[in-house]
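# Examination of the molecular architecture
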Amino acid sequence: MEKIGLLVGVFAFVVCAIYWGWTSTFVQGVEWVGVIGLMLAGLLGFMIAWYLWMTRRKLERDPSDDPLGEIDEIQGDYGFFSPHSWQPLFLAGAAAVCFLGLAVGWWLFIIGAFLAAPALVAWTFEYWKGPNAL
């Protein structure tokens, strides 16, 4: 995976050199916003490649890395999913009101935020009491 980051970094720095030469030749002076932006994009690509390389060094080989691996070789818990919760529906409705408020007016966004706060708290603490307590 880290090869993608290296590819992005090298590409951005090559394009940066070409852009720098092009703008300094055909424009009066160098266009610094594009040059700095391409340099930062190249550094971002190298940073992603470095992070993925460092992370992969610390991990053992995963069964999903094997092209001939089987699905049942992967172990572990995939998480807990609440099958009966209504709270995501309320939170999604509040988010829809908030996004509508961005188009209509800030007053509607504030109403959506007031609706979203209790829905988020209720979803977070849903299993802390009652018959489904953890």
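Residues numbered from 1 in each chain as written. Predicted model: local features only at pLDDT ≥ 70, side-chain atom pairs only at ≥ 80, totals over all residues. Heavy atoms only, no water.

Quick look at the overall build of the protein chain now. On a plain count of helices and strands, the protein chain comes out with 4 helices and 0 strands. Each helix (α) and strand (β) of the protein chain, taken in turn from the N terminus, gives the series α-α-α-α. Expected size for 134 residues packed as a compact globule is a radius of gyration near 14 Å; at 25 Å, the protein chain overshoots this value by more than 25%. Projected onto its principal axes, the C-alpha positions of the protein chain cover 70 × 55 × 20 Å. (Helix = DSSP H or I, 4+ residues; strand = E, 2+ residues; numbered from the N terminus. Rg over C-alpha atoms; globule rule 2.2 N^0.38 Å.)

Moving on, we come to helix H2 (residues 32-58). An ideal rise of 1.5 Å per residue puts 39 Å on 27 residues; H2 measures up with 39 Å between its terminal C-alpha atoms. Buried residues of H2: Gly34, Val35, Gly42, Gly45, Ala49 and Met54, and no others. Residues of H2 that are buried make contact with helix H1 (2-26). (Expected span 1.5 Å × (residues − 1). Buried < 20%, exposed > 50% of the residue type's maximum accessible area, 1.4 Å probe, protein only. Contact = heavy atoms within 4.5 Å.)

This brings us to the packing of H1 against H2. Following both chains from N to C, one finds H1 and H2 inclined at 165°, their axes separated by 7 Å at the closest point. As the angle between them shows, H1 and H2 are arranged roughly antiparallel. Judged by the twist between their axes, the crossing of H1 over H2 is left-handed. (Axes fitted to C-alpha atoms, helices over the stretch in contact; angles between N-to-C directions. Parallel < 35°, antiparallel > 145°, perpendicular 65-115°, else oblique. Left-handed = near helix turned anticlockwise from the far one by under 90°.)

Attention now moves to the environment of glycine 105. By secondary structure assignment, the location of glycine 105 is in the loop between helix H3 (87-104) and helix H4 (106-124). For glycine 105, a relative accessible area of 14% translates into the label buried. Remark: the alpha-carbon pair of glycine 105 and isoleucine 4, spanning 101 residues in sequence, is separated by 42 Å.

Together, Leu6, Val10, Phe13, Val14, Ile18, Trp20, Trp32, Ile36, Leu40, Leu43 and Phe46 make up an exposed nonpolar region whose accessible area comes to about 1000 Å². For the nonpolar patch, the secondary structure elements donating two or more residues are H1 and H2. With 6 residues, H1 is the single largest residue contributor to the nonpolar patch. Within the secondary structure, leucine 43 sits in helix H2. (Patch = residues over 30% accessible without salt bridge, like charges linked within 9 Å, V, L, I, M, F, W, Y side chains within 5 Å. Areas by Shrake-Rupley, 256 points an atom, 1.4 Å probe, with all protein chains shown as cover. Salt bridge = Lys/Arg side-chain N within 4 Å of Asp/Glu carboxyl O.)

With 25 residues, H1 extends 36 Å between its outermost C-alpha atoms, agreeing within 8% with the 36 Å of an ideal straight helix rising 1.5 Å per residue. Of all the residues in H1, the buried ones are Glu2, Gly5, Gly9, Ala12, Cys16 and Thr23. Buried positions along H1 lie against H2.

As a further point, take the packing of aromatic side chains. With the rule as written, the count across this model stands at 4 aromatic pairs. Between tryptophan 20 and tryptophan 32, the ring centres sit 5.5 Å apart and the planes meet at 65°, which makes this aromatic pair edge-to-face. Of this pair, tryptophan 20 sits in helix H1 while tryptophan 32 sits in helix H2; the two residues are 12 residues apart in sequence, bridging distant segments of the chain. Here arginine 57 stacks its cationic end above the ring of tryptophan 53, 4.9 Å away from the centre of that ring. (Phe/Tyr/Trp six-rings, centres within 6.5 Å; stacked < 30°, edge-to-face > 60°. Lys NZ or Arg CZ within 6 Å of the ring centre and 35° of its normal.)

Without other data, these values stay purely geometric and don't point to any function.
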